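Spelled out from the first residue to the last, the chains are:
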Amino acid sequence: MKKAHGGGTKHLSGQLRDMNNKKTLRKLLTRLYARPPKTDTSVLRESFRTRYQAFRSLLTANNNALELMAEMEKTLAQGQPFGMAFVRGHSTAVSVNVYKMIQNLEVLSDGKFNGLYASFKDISRRMEEILARQPEIPEGRFVLPLSEIDKDDADQVGDKMANLGEVSKKVGLEVPDGFVITASAAQHFMNASGLQDEINRLLKTLDINDLESLYSASAQIQKLISLAPVPNGLADDIDKHYRDLSSGKTPDPLISMRSSAMEEDRSNVSFAGQYRTQLNISEEFILQTYKDIVASKYQSQAIVYRNQRGFRHQDVIMCVGCLTMVDADVSGVMFSRSPRNPESHWVEINAACGLASQVVVGSIKTDFYKIARESTFEIIEQEAGIGTPILPEERLRELTAIAVRLEEHFGLPQDIEWSIDKSGRVIILQSRPLAAPAEVVADIQTSAADEQEALLCGGLSASLGVASGPVFTVRSNVDLLEFPVGAVLVVEHPLPEWASLLNRAVAVISETGHVATHLAIVAREFGIPAIFSLTGSLSKLKNGETVTVDATGRCLYSGRKDEILRRAAPPANLMADSPIYLLLQEIMALVVPLNLTDPGSPYFKSKSCSTLHDVTRFCHEKAVTEMFSFGERAQFDARSAKQLGGDIPFQWWIIDLDDGFREGFDIHEKYVHMQDIVSTPMQAIWAGMTAKPWRGPPPVSMKGFGSILFRSTMNPSIDPAVGSSMNARNYFLISKNFCNLNMRLGYHFTLVEAYLGSHLTENYISFQFKGGAADRSRRFVRVYLLKDILEHFGFRVEVKHDALTARIEKKEKERLIEGLKVLGYLLIHTRQIDMVMGEKVMVEHYRQTIMQDLKGIVGPDAKAN
Amino acid sequence: MQKNINILLIDDEVDFLEITQKRLVRRGYQVVTALSCGDGMQALENSPVDVVVLDVMLPDMDGIQCLREIKKKFPEAAVILLTGHASMHAGLESLQCGASDYCLKPVELEELVDRIEIVYRDRICRD
């Protein structure tokens, strides 16, 4: 083959190289000497139309992307609960819109910036990896004896059981004998059941704000899990460990089976009472109870709790502790510090005869004791539930010493469940970090005057705070479904299952119960005021009547008492630092930061885009440039820049993108006049610009003027005389519904862009403002003055250093016209006021003049939102 | 508002189909419905369609596969994908396969109408 091409004939690759060289040379010559070939006008118009349509789609996508980013930032800042559906939905929507921008830029620029796809792919891949992340469960044994466990085993046995193991192994206190069915076992069971996909589907479709949907999905999922078989190997393991227990002190012992979920029992999240605990389980019911407890991960209150506290369902793996039942004489709960004030110097103990479970559920009356933490362990307060106190002083000191010791060992205030068995031994059933209350206040007593006005007073402050709403009494699960958002929950007993209403209730009143119940713990975490043991509340309160609850003062008032409600603390940010919150933060680090700010910088390249915001910025800048240069590049004179004619201040250049000039306008004219322009947004801006005559530059103090002189000498680029290229001119790119105004008046750079069409989805105004001649502090004052004014007129404003961006989106045309008039006015009348922004009196003077003028222009009640 | 737009709704949720069809017809659009991708393809053969609103989960094939089939045989039809479960991967893949839009359920009727009109207008412009 080679020979056939040889013998004086040039090698094929050589021929190709020659051809390429010729081509390159021709291209070069064309570029140097020749004007671009004239193209048929109809072809150009068609090409222009395609580009303009891509440009418009790009702007809509840009707008949507920026709005989604703002929503993500707002959600993170406000601390309102959000779930994975929000994170996944917003990540998807924002990336879809950014991708649309890249596709449209490709159309606009004939593929000039295709490098963007690689940058985008890299960012979106990293986002997908974060979203797909699964909890890591180290492989391990299915069952572990409690005696082998300490707190380092939390990733296998859950926090609750790891802490209990630690109490025995490291602190040396008595705990029940037992074993734990581990996280590996739970994973094995769930994988073998093949149910996870179906569960995920049910979870994704449930609407947390619709109680019927919540309870129905919760019941369906629990049923699925309870009916699934436990794999043989796991069942054998459980059986073997139960046999080992049985060979101990008591043959065939009854056991308590307790949930011990991963991610439970952290200092700021209690998960108190969210999962199931079953007592007195005999051998034949162990496997069924195990499944029921695993299923209790999906109890309605647990789903709500995770949603409120920012936990992903898949991160919660249910381990189960199996402990021999304690034959309890007395049981209770104690806090190593007051649960309402973790700085307090006393231990609080609640105690009752019998099992500890009755105390935490709040179904019985308990004794209450307050004991000084100091070495004397002095009894500060004691109150018997029924008759005389059941714990003698000696016992109280012993318990207090244990509470202090456990706090010292774990390094945090503790919430401890304990029992005293028939032989008199104190046995610890649980020790977990004390949940921090949303509001910390020293106990406040009600004043006599308050009490006289009150409907009811007394009881216990289970969670401090004040709130008001209509009464709604819940007696059964049927009542749950009817519970309205914003009501005061009234119950007889503070059962843990009522916690599923704590994302809807504003306060809780219970006829019985005390501060150590699970419901009280969760109410404190959520910052929902609660009064427990308020005798007479059930009979006295009628459904629908509005009451004001003062849980700090322990009184209930009829109607809405604003003087009391003024004491309400701001809502707690329950999401901060939660796993979902951190995950959204991680996602947002790939979405929101803007690194490409200066289009003139050599780093303003597609490959420098490291966030989705960078991509939007790059696409927007390049799209505007492409549209701008299209006329000149294609020698399409009729469509290139025209100067605005007439008696007007400054020079303005207009580029018609499509249908911005009136029909019949002679496109060969050098000048265009306002009456030739039919662009609605440009007309609105112009109306604002010319509504009031410019009063000229403000009288400048020498200090302000000196600062400008100094900056001008240091930086020639801010001198308006420097630079006469198109980039430095003021130009409008317009169509009937669209306007993009680039303004470089003197020392300021301003960009206004608006689309006012018939689809709300596409409508927006975007305003960017930066620069100024005065020193930084004066520029800041002006930017904040602008911010106040724009916010008054319904703009969403962000300020970074001396740069301001303001947006309005998805509003009716009429509203946006008002917004554009406001901007038009401000563009002209705030141009040089930074010079006088050092003087407070002047700032106020300008604010008042501007507001007065604007109210005259757009009406006194105008607000663009 | 543009009214003479032919819309095809493909979704296996009968309630959603019926309600959406009724509301769109009330606004003056011509609407046909299909419960599966196969039925949808048949509808495209039988009558003119400007905009297809396609659910991602269908009984006979997934929405993206259906989108590919539609685009192969009817490249001019503008397709909006609807999904109950947001997935970045599916969203981006559908745009790569020629979808005009990808939106998350639940979607307000006003928003759906807006999106239909926009993709229709853009489709006309690109013709």
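Residues numbered from 1 in each chain as written. Chains lettered and ligands numbered in written order. Predicted model: local features only at pLDDT ≥ 70, side-chain atom pairs only at ≥ 80, totals over all residues. Heavy atoms only, no water.

Thoughts on the overall build of chain B
- Broken down by element type, chain B carries five helices and five strands.
- Ordering the α and β elements of chain B from the N terminus gives β-α-β-α-β-α-β-α-β-α.
- In terms of C-alpha radius of gyration, chain B reaches 13 Å, essentially the compact-globule figure of 14 Å for 127 residues.
- With the C-alpha coordinates aligned to their principal axes, the bounding extent of chain B is approximately 35 × 35 × 25 Å.
- For chain B, contacts bridging at least 24 residues in sequence account for 64% of all contacts bridging at least 6.
- Here chain B has roughly 5,800 Å² of accessible surface; of this, 49% comes from carbon and sulfur atoms. (Helix = DSSP H or I, 4+ residues; strand = E, 2+ residues; numbered from the N terminus. Rg over C-alpha atoms; globule rule 2.2 N^0.38 Å. Contact = heavy atoms within 4.5 Å. Areas by Shrake-Rupley, 256 points an atom, 1.4 Å probe, with all protein chains shown as cover.)

Section: the overall build of chain A
- Looking only at helices and strands, chain A has 26 helices and 28 strands in total.
- For chain A, with 865 residues in total, the buried portion stands at 55%.
- When contacts within chain A are restricted to residue pairs at least 6 apart in sequence, those whose partners lie at least 24 apart make up 67%.
- Accessible surface, chain A: about 37,900 Å² in total, of which carbon and sulfur atoms supply 52%. (Buried < 20%, exposed > 50% of the residue type's maximum accessible area, 1.4 Å probe, protein only.)

Structural notes on the sheet that holds strand β10 (residues 414-421) of chain A
All names here are of chain A.
- Pairing is antiparallel in the open sheet, where six strands are placed in the order β9-β8-β7-β6-β10-β11. Where the open sheet ends on each side, the last strands, each with one partner, are β9 (379-383) and β11 (426-433). Each neighbouring strand pair of the sheet contributes to a mean axis angle of 15°, computed without reference to strand direction.
- By the bridge criterion, seven bridges tie strand β6 (residues 328-335) to β10 in an arrangement that is antiparallel. (Pairing = 2+ DSSP bridges. Axes fitted to C-alpha atoms, helices over the stretch in contact; angles between N-to-C directions.)

Notes on the environment of D479(A)
All names here are of chain A.
- Positionally, D479 belongs in helix α16 (residues 477-482).
- Judged by relative accessible area, which is 22%, D479 ranks as partly exposed.
- D479 sits 332 residues away from S147 along the chain, and the two C-alpha atoms are 44 Å apart.
- Setting aside chain neighbours within four positions, we find D479 in contact with F472, T473 and V474.
- Only 2.7 Å separates the side chain of D479 from the backbone nitrogen of R475, close enough to count as a polar contact. (Polar contact = N/O pair within 3.5 Å; in protein donor to acceptor, adjacent residues only side chain to side chain.)

Description of the interface of chain B and chain A
- With 21 residues of chain B in contact, the opposing surface of chain A contributes 29 residues.
- Across the chain B-chain A interface, the total number found is two salt bridges.
- In this structure, K100(A) engages D101(B) in a salt bridge whose closest nitrogen and oxygen atoms are separated by 2.8 Å.
- Counting the contacts that link chain B with chain A gives eight residue pairs in polar contact (both at pLDDT 80 or more).
- The biggest single contributor to the side of chain B that touches chain A is helix α5 (residues 109-126) of chain B, with seven residues.
- When grouped by side-chain class, the residues that make up the side of chain B that touches chain A number nine nonpolar, six polar and six charged. (Salt bridge = Lys/Arg side-chain N within 4 Å of Asp/Glu carboxyl O. Nonpolar A, V, L, I, M, F, W, Y, C, P; charged D, E, K, R; others polar.)

Considering the sheet that holds strand β3 (residues 255-261) of chain A
Residue and element names in this part refer to chain A.
- In spatial order, the strands read β1-β2-β5-β3-β4; together these five strands make up an open sheet with antiparallel pairing. Edge positions in the sheet fall to β1 (143-145) and β4 (277-281), since each of these pairs with one other strand and no more. Strand-to-strand twist of the sheet, defined as the mean angle between neighbouring strand axes without regard to direction, takes the value 20°.
- Relative to strand β2 (residues 178-181), helix α10 (residues 232-246) is tilted by about 170°, and along the sheet it contacts β1, β2, β3 and β5 (318-324).
- Helix α11 (residues 286-295) contacts β2, β3, β4 and β5 of the sheet and is inclined by roughly 30° relative to β3.

Quick word on the environment of R778(A)
Residues and elements named next belong to chain A.
- On the secondary structure map, R778 appears in helix α24 (residues 776-792).
- Taking relative accessible area as the criterion, R778 reaches 7% and is therefore assigned buried.
- Along the backbone, R778 and D802 are 24 residues apart, and their C-alpha atoms lie at a distance of 9.4 Å.

Some words on the environment of L756(A)
All names here are of chain A.
- Note that L756 resides in the loop between β25 (748-755) and β26 (764-771).
- Taking relative accessible area as the criterion, L756 reaches 0% and is therefore assigned buried.
- Measuring from C-alpha to C-alpha, the distance between L756 and T680 comes to 7.4 Å, with 76 residues separating the pair along the chain.
- In contact with L756, not counting residues within four places along its chain, are T680, P681, N737, N763, Y764, K813, L816, I817 and L820.

What about the nonpolar core?
- Among the nonpolar cores identified, the biggest contains 110 residues, and I225(A), Y290(A), I349(A), L391(A), W418(A) and I428(A) are the most heavily contacted of them.
- Of all the elements, helix α14 (residues 393-410) of chain A adds the most residues to this core, at seven residues.
- The next biggest cluster of nonpolar side chains, apart from the first, holds 87 residues, and it includes L66(A), F86(A), C37(B) and A90(B). (Core = buried A, V, L, I, M, F, W, Y, C linked by side-chain atoms within 4.5 Å.)

Some details on unusual backbone geometry
- That bond from K105(B) to P106(B) is cis: its omega, -5°, falls within 30 degrees of zero.
- Along the chain, the position of P106(B) falls in the loop between β5 (101-104) and α5.

Thoughts on a negative patch on the surface
Residue and element names in this part refer to chain A.
- The grouping of D207, D210, E212 and E482 at the surface amounts to a negative patch.
- On the secondary structure map, D210 appears in the loop between α8 (196-205) and α9 (211-227).
- In this structure D210 comes out as partly exposed when scored by relative accessible area, which is 34%. (Patch = residues over 30% accessible without salt bridge, like charges linked within 9 Å, V, L, I, M, F, W, Y side chains within 5 Å. Lys, Arg positive; Asp, Glu negative; His and termini not counted. Charge placed at Lys NZ, Arg CZ, Asp CG, Glu CD.)

What to know about the side chain of R504(A)
Residues and elements named next belong to chain A.
- Summarising the element assignment, R504 is placed in the loop between β15 (488-491) and β16 (507-510).
- Within the buried set, R504 has no salt-bridge partner at all; the shortest N-O distance to an opposite charge, 7.0 Å, is to D210.
- A polar side-chain atom of R504 sits 3.0 Å from the main-chain carbonyl oxygen of N209.
- Setting aside chain neighbours within four positions, we find R504 in contact with N209, L211, F483, P484, V485, G486 and A487.

Quick word on helix α6 (residues 154-169) of chain A
- Here α6(A) is 16 residues long, yet its end C-alpha atoms lie only 14 Å apart, well below the 22 Å a rise of 1.5 Å per residue gives.
- With 13 of 16 residues buried, α6(A) is to be regarded as a mostly interior element. (Expected span 1.5 Å × (residues − 1).)

Quick notes on the confidence of the model for chain B
- Chain-level pLDDT for chain B is 89 on average; 94% of the residues reach the 70-or-more range.
- For this predicted complex, the interface score ipTM comes out at 0.91, while the overall pTM is 0.72. (pLDDT = per-residue confidence, 0-100.)

Section: the state of the cysteines
- Tallied over the full model, the rule gives two disulfides over all chains.
- Here C457(A) engages in a disulfide with C555(A); their sulfurs sit 1.8 Å apart. The chirality of the disulfide connecting C457(A) with C555(A) is right-handed, given an S-S dihedral of about 105°. Remark: C555(A) occurs in strand β19 (residues 555-558) and C457(A) occurs in strand β12 (residues 456-457); sequence separation between them is 98 residues.
- Classification of C457(A) by relative accessible area gives partly exposed; the value is 29%.
- Residue pairing for C37(B): its cysteine sulfur links by disulfide to C66(B), the two sulfurs lying 2.2 Å apart. As the torsion about the S-S bond is roughly 90°, the C37(B)-C66(B) disulfide counts as right-handed. (Disulfide = S-S within 2.5 Å.)

Details of helix α2 (residues 37-46) of chain B
Residue and element names in this part refer to chain B.
- Residues of α2 that are buried: C37, G40, M41, A43 and L44. For α2, the angular spread of the buried residues around the axis is 160°, confining them to a single face.
- Elements in contact with the buried residues of α2: β1 (6-10), β2 (30-34), β3 (51-55) and α3 (63-73). (Arc of directions from axis to C-beta.)

A look at the pattern of salt bridges
- Taken as a whole and judged by the stated rule, the model has 47 salt bridges over all chains.
- In this structure, the salt-bridge partner of D252(A) is R243(A), at a minimum N-O distance of 3.9 Å.
- Residue D252(A) is classed as partly exposed on the basis of its relative accessible area of 49%.
- Between R121(B) and D122(B) there is a salt bridge, with the nearest N and O atoms lying 3.3 Å from each other.
- On the basis of relative accessible area, D122(B) is assigned to the buried category, the value being 11%.

Describing the pairing of β5(B)
Residues and elements named next belong to chain B.
- Here strand β4 (residues 78-83) pairs with β5 via four bridges, running parallel. If you follow L82 over to β5, its bridge partner there is C103.
- Read from β4 through helix α4 (residues 88-96) to β5, the crossover connection turns out right-handed. (Right-handed = clockwise from strand over helix to strand, strands pointing away.)

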